[in-house]
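# Examining the three-dimensional arrangement
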Amino acid sequence: MEPGPTPWATEPESSFSTWARRFFRGLVVAVLLLAAISGVRSWIRPTTGANSGVVTNQTGFPTDEARAVATRYAVSYLNWDEGNPDTRPAQVGVDLAAGLDARAGWNGRGKQTANTAYPGEVKVDPSGVTAVVDVRVQVRPFTKQGRNWVGGAYMWQRVSVPVARASSRVVASGPPTFVADERAALPDNMPEAGVPDDDLTAATAKDAEAFFSAYAESDAKVEAVAAPGAAIRSLNGAVKLGELKDWQVFTGDENERRATGSVTWDGTGDTTLDQTYTLTLRRTVAADGAQRWQVAAVG
């Protein structure tokens, strides 16, 4: 039995249709591969350019840079001279964020200099983008008498400097604010020096006096009285020993002890200064068997 005719008619496919079908298949494969490489998320939410001002994908606030920027900015902020009113804004503008007023609140009057500054704690905001830096600055105010400026006494001022981490560097994000620098008492849990060893204290008092006298004068004299191998630099004649006011050795190891010495230094003219030192003593044995305790370290 011969098969009957099919209910449809076949027509030869054109070469263009075959090419188009293969082209679109290849295009789909290429798109899928590109999506896998670059990530679909980047297509839906493309990343912004470097100048967008948005800080992302960074870990750890640059505290060292923040201290450097805040310190320089604090010095610029606390320097002003009405005779050269453009100098301060130019210096302030080095660290102040672009777009903010470089006058930073100054009315353009008066004169003050600021040179020495020391940064302290950096408090970082939970966002990780902003922080405030504690800075202490030594300033000297001037008062005008006639046509001349007369410098006043140097004083320390403490400021809190706001900073922000931009895409390329840390910048000051606004003017500082003054902070009160109050005195504080010692903590209640100060470590104890130890138990006094009265016998060793009495036995080493003369040696302690000889050490402090040498310590004030020269390295060679220190080397002559210090423990063998000790690397102790002298004060090189900056002061002279006036008096060993107090000397105390504490109990401890049979070969090494801690001690404290309170001395009066004679300075230039009639100036005297009282200071207290913490020292390490080491027991040494001479070739003839004689034993003595000598200073091995200061501090």
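This structure is a prediction, so every number in the text was calculated from the model and none was measured.

### Here we look at helix α3 (residues 63-77)
Because each turn of an α-helix spans 3.6 residues, side chains separated by three or four positions in sequence point in the same direction. An ideal rise of 1.5 Å per residue puts 21 Å on 15 residues; α3 measures up with 20 Å between its terminal C-alpha atoms. Taken as a whole, α3 has its buried residues at A66, V69, A70, T71, Y73, A74, V75, S76 and Y77. In the core, the buried residues of α3 are packed alongside β1 (80-81), α4 (87-92), β2 (111-124), β3 (130-145), β5 (155-165) and β6 (170-172).

### What about the pattern of salt bridges?
All chains considered together, the criterion is met by 15 salt bridges. Between R103 and D101 there is a salt bridge, with the nearest N and O atoms lying 3.0 Å from each other. With its nearest N and O atoms 3.2 Å apart, the salt bridge here joins D181 to R158. Of this pair, D181 sits in the loop between β7 (177-178) and α5 (198-217) while R158 sits in strand β5; the two residues are 23 residues apart in sequence, bridging distant segments of the chain. Exposure remark for R158: the relative accessible area of 22% places this residue in the partly exposed category. Where salt bridges share partners, they join D134, R136, R158 and D181 into one cluster.

### A word on the side chain of R257
By the element assignment, R257 lies in strand β9 (residues 256-266). There is a polar contact of 3.3 Å between the side chain of R257 and the backbone oxygen of F250. Not counting the four nearest positions on each side in its chain, R257 is found in contact with D197, L200, V249, F250, T251, G252, L279, T280, L281 and W293.

### Side note on the sheet that holds strand β11 (residues 291-298)
If you walk across this open sheet you meet the 4 strands as β8-β9-β10-β11, and the pairing is antiparallel. Looking at strand neighbours, the two that pair on one side only are β8 (240-249) and β11, the edges of this open sheet. When strand polarity is set aside, the average angle formed by the axes of neighbouring strands in this sheet is 40°. The pairing of β9 with strand β10 (residues 272-285) spans 11 bridges and is classified as antiparallel. Bridge pairing in β10 links S262 to T276. Most of the contacts of α5 go to β8, to which it runs at about 155°, and overall it touches β8, β9, β10 and β11.

### A word on α5
With 20 residues, α5 extends 29 Å from end C-alpha to end C-alpha; this agrees with the ideal 28 Å at 1.5 Å per step. The largest bend in α5 amounts to roughly 50° and is located at T204. Taken together, the buried positions of α5 are L200, T201, T204, A208, F211, F212, A214, Y215 and A216. On its buried face, α5 sits against α6 (219-225), β8, β9, β10 and β11.

### Re the pairing of β2
Alignment of β1 against β2, held across 2 bridges, turns out to be antiparallel. Within β2, the position partnered with W80 by the bridge is Q112. Pairing analysis gives 10 bridges linking β2 to β3, with the strands arranged antiparallel. What sits directly across from K123, in β3, is V132. Between β2 and β3, which pair antiparallel one after the other, the connecting turn spans 5 residues, and G128 there sits at a positive phi close to 75°.

### Focus: the confidence of the model for the chain
Low-pLDDT portions of the prediction should not be read for the details of their coordinates. Confidence in the prediction of the chain, expressed as mean pLDDT, is 88, and 81% of residues score 70 or more. In this model residues 40-52 is a low-confidence stretch, pLDDT under 50, and it forms 6 contacts with partners more than four residues away in sequence or in other chains.

### Structural notes on the side chain of S160
The topology assignment puts S160 in strand β5. Classification of S160 by relative accessible area gives buried; the value is 19%. Apart from residues no more than four positions distant in its own chain, S160 is found in contact with V132, V133, P176, T177 and V179.

So, how was this worked out
Residues numbered from 1 in each chain as written. Predicted model: local features only at pLDDT ≥ 70, side-chain atom pairs only at ≥ 80, totals over all residues. Heavy atoms only, no water. Helix = DSSP H or I, 4+ residues; strand = E, 2+ residues; numbered from the N terminus. Expected span 1.5 Å × (residues − 1). Buried < 20%, exposed > 50% of the residue type's maximum accessible area, 1.4 Å probe, protein only. Contact = heavy atoms within 4.5 Å. Salt bridge = Lys/Arg side-chain N within 4 Å of Asp/Glu carboxyl O. Polar contact = N/O pair within 3.5 Å; in protein donor to acceptor, adjacent residues only side chain to side chain. Pairing = 2+ DSSP bridges. Axes fitted to C-alpha atoms, helices over the stretch in contact; angles between N-to-C directions. Bend = angle between axes of the 7 residues up to and from the residue. pLDDT = per-residue confidence, 0-100.

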